[in-house]
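Results of the structural survey
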Amino acid sequence: MLYTTMHYKTIDDIDVQSKRVFLRVDFNVPLTKEAPYRITDATRIKAASPTIEALRKRGARVILASHLGRPKGAPEAKYSLKPVFEHLQEKIGSAISFANDCVGAEVEKQANALKDGEVLLLENLRFHPEEEKNDPAFAQQLAKLADVYVDDAFGAAHRAHASIEGITHYVSVKAAGYLMDKELKYLGGVLQNPAHPFIAIIGGAKISGKIDVIQNLLGRADKVLIGGGMTYTFLKAQGKEVGKSLVEEDKIELAQSLLAQAGGKLMIPTDTVVAGEFKNEAEHKSVSVNNIPPDWMGVDIGPETIKQFTEEILKAKTIVWNGPMGVFEMSNYANGTLAIAKAMAEATGKGATTVVGGGDSVAALEQSGLADKMSHVSTGGGASLEFLEGKTLPGVKALES
Ligand code: AMP
């Protein structure tokens, strides 16, 4: 089992009985485009429910706070948390109430009127521009609502906003919720004390978004396996022809220096699926990376690479994966990504720790139906990427005692 060397309290370490608990959650859920707005995927709400339920059971008075979408610092019906309130009402009934704002005298009254086990959901934090500005006076107003601060919003931990960072300066007791704790244990554990062999698999569209992740992981992992669109910039850096494949010309030099610095740790595909056009129905075939035809483009890793990557995965004790191996949204080019998901599921079954970092790799994993076969699937796209880059997330730093 992984553990992290970060020091923070969890809700199990603090007294919450009859306390007003400000619980920062990530309820940034997708809604229907037109009114009446309805939630189309409640995964994020479900992910926070163990923390909410534990707090309620222990007699806390829970004040839920979240952002939703990108309102411009003022109320907008399409970004209201009302649909979340209605969803939660179906789950927990009359124990939950809604506040039309997140600060102010009226909200304070509602917070103070809460009984043990009851829940108050605040309106969207980002209806106030001060939230994203980490305004101290606004953070103080939020802090006034509660006795205890709990952060369970890992997906927002890379933002130094008032409800994530500022507020922690004005509450005496702060702790991580269960979701935050799980994210930190797995992502932190992977970086701080992985069981070896430790391999990282990095894919996705471009090198540019993942340079820092590759660099950080090269310093920690035994091998870094490369797939996805960034493959072709690496191949070009090795002097190979890549036809019409995605290439970041301005990153070729960087790819060369990463290859030199890696000293054999970087595994670049040896074969690739190429397509005549960027279409699922286009003519396609597998070729060696030494023989990419001029008018074709690379869209997936090839069968030989799948075999090599699978062998590495099955030898490993710790595996972290971020980014698809090909254009997985097109079924003909999803094989490489699916094969990685399958190999990781098998590795988990053999006792390896497998961690999938947010964003598109999670979508690909959902598509494969293997998400529950991983040790941990991160709920935070941007946050997990920044974490894997080795950055200290403001929301995590704020919790550390
Ligand atoms: P990212 O957000 O960086 O993880 O990139 C994910 C996107 O990369 C997905 O939409 C994939 O379709 C895309 N992608 C993966 N492989 C390729 C490729 N060979 N060529 C173009 N796009 C790709």
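Shown above is the structure to which this text applies.
What you see is a predicted model, and the numbers here were worked out from it, not measured in a lab. (Residues numbered from 1 in each chain as written. Predicted model: local features only at pLDDT ≥ 70, side-chain atom pairs only at ≥ 80, totals over all residues. Heavy atoms only, no water.)

**Some thoughts on the overall build of the protein chain**
Each helix and strand counted, the protein chain has 14 helices and 15 strands in total. Computed over C-alpha atoms, the radius of gyration of the protein chain comes to 23 Å, within 12% of the 21 Å expected from 2.2 N^0.38 for 401 residues, which places it in the range of a compact globule. Its C-alpha atoms put the protein chain at 70 × 45 × 35 Å along the principal axes. Here the protein chain holds 401 residues, and 57% of them are scored as buried. Long-range contacts, defined here as pairs at least 24 residues apart, represent 73% of the contacts in the protein chain between residues at least 6 apart. Of the side-chain charges in the protein chain, 45 are positive and 50 negative, and the distance between the mean point of each set is 3 Å. (Helix = DSSP H or I, 4+ residues; strand = E, 2+ residues; numbered from the N terminus. Rg over C-alpha atoms; globule rule 2.2 N^0.38 Å. Buried < 20%, exposed > 50% of the residue type's maximum accessible area, 1.4 Å probe, protein only. Contact = heavy atoms within 4.5 Å. Lys, Arg positive; Asp, Glu negative; His and termini not counted. Charge placed at Lys NZ, Arg CZ, Asp CG, Glu CD.)

**Focus on the site of the ligand**
If you check the shell around the ligand, you find 14 residues, and the closest are Ala-205, Lys-210, Gly-298, Glu-329 and Asp-360. At 3.3 Å, a side-chain N or O of Asp-360 approaches an oxygen atom of the ligand. Each residue belonging to the shell around the ligand can be placed in one class, and the counts come to five nonpolar, six polar and three charged. (Near = heavy atom within 4 Å. Polar contact = N/O pair within 3.5 Å; in protein donor to acceptor, adjacent residues only side chain to side chain. Nonpolar A, V, L, I, M, F, W, Y, C, P; charged D, E, K, R; others polar.)

**A word on the pattern of salt bridges**
In total, this model carries 17 salt bridges according to the counting rule given. The shortest N-O distance in the salt bridge between Lys-19 and Asp-15 comes to 3.5 Å. Judged by relative accessible area, Lys-19 falls into the partly exposed class, the value being 27%. Put simply, Glu-132 and Arg-126 hold a salt bridge, and the shortest N to O gap is 3.9 Å. Here Glu-132 falls in the partly exposed class, since its relative accessible area comes to 38%. Overall, the relative accessible area of 6% leaves Arg-126 in the buried class. Through salt bridges with shared partners, a single network forms among Lys-223, Glu-312 and Lys-315. (Salt bridge = Lys/Arg side-chain N within 4 Å of Asp/Glu carboxyl O.)

**Quick notes on the layout of surface pockets**
Approximately 690 Å³ is the volume found for the largest pocket. Of the residues assigned to the lining of the largest pocket, the class counts are nine nonpolar, 10 polar and eight charged. Counting contributing residues per domain, the lining of the largest pocket is built from domain 1 (11-180) and domain 2 (187-388), each supplying no fewer than three. In terms of lining, the second largest pocket is formed by 28 residues, of which the most central are Gly-204, Ala-205, Gly-229, Pro-324 and Gly-326. Elements represented by at least two residues in the lining of the second largest pocket include exactly β12 (297-301), α12 (360-368) and α13 (381-388). With four residues, the top contributor of residues to the lining of the second largest pocket is β12. Class assignment for the residues of the lining of the second largest pocket results in 11 nonpolar, 12 polar and five charged. (1 Å grid on protein atoms, 1.4 Å probe; cavity = no way out; pocket = protein on both sides within 12 Å on 5 of 7 lines; lining within 4 Å. Points joined across faces, edges and corners; volume = space filled by probe spheres on them. Domains from an automatic or database assignment.)

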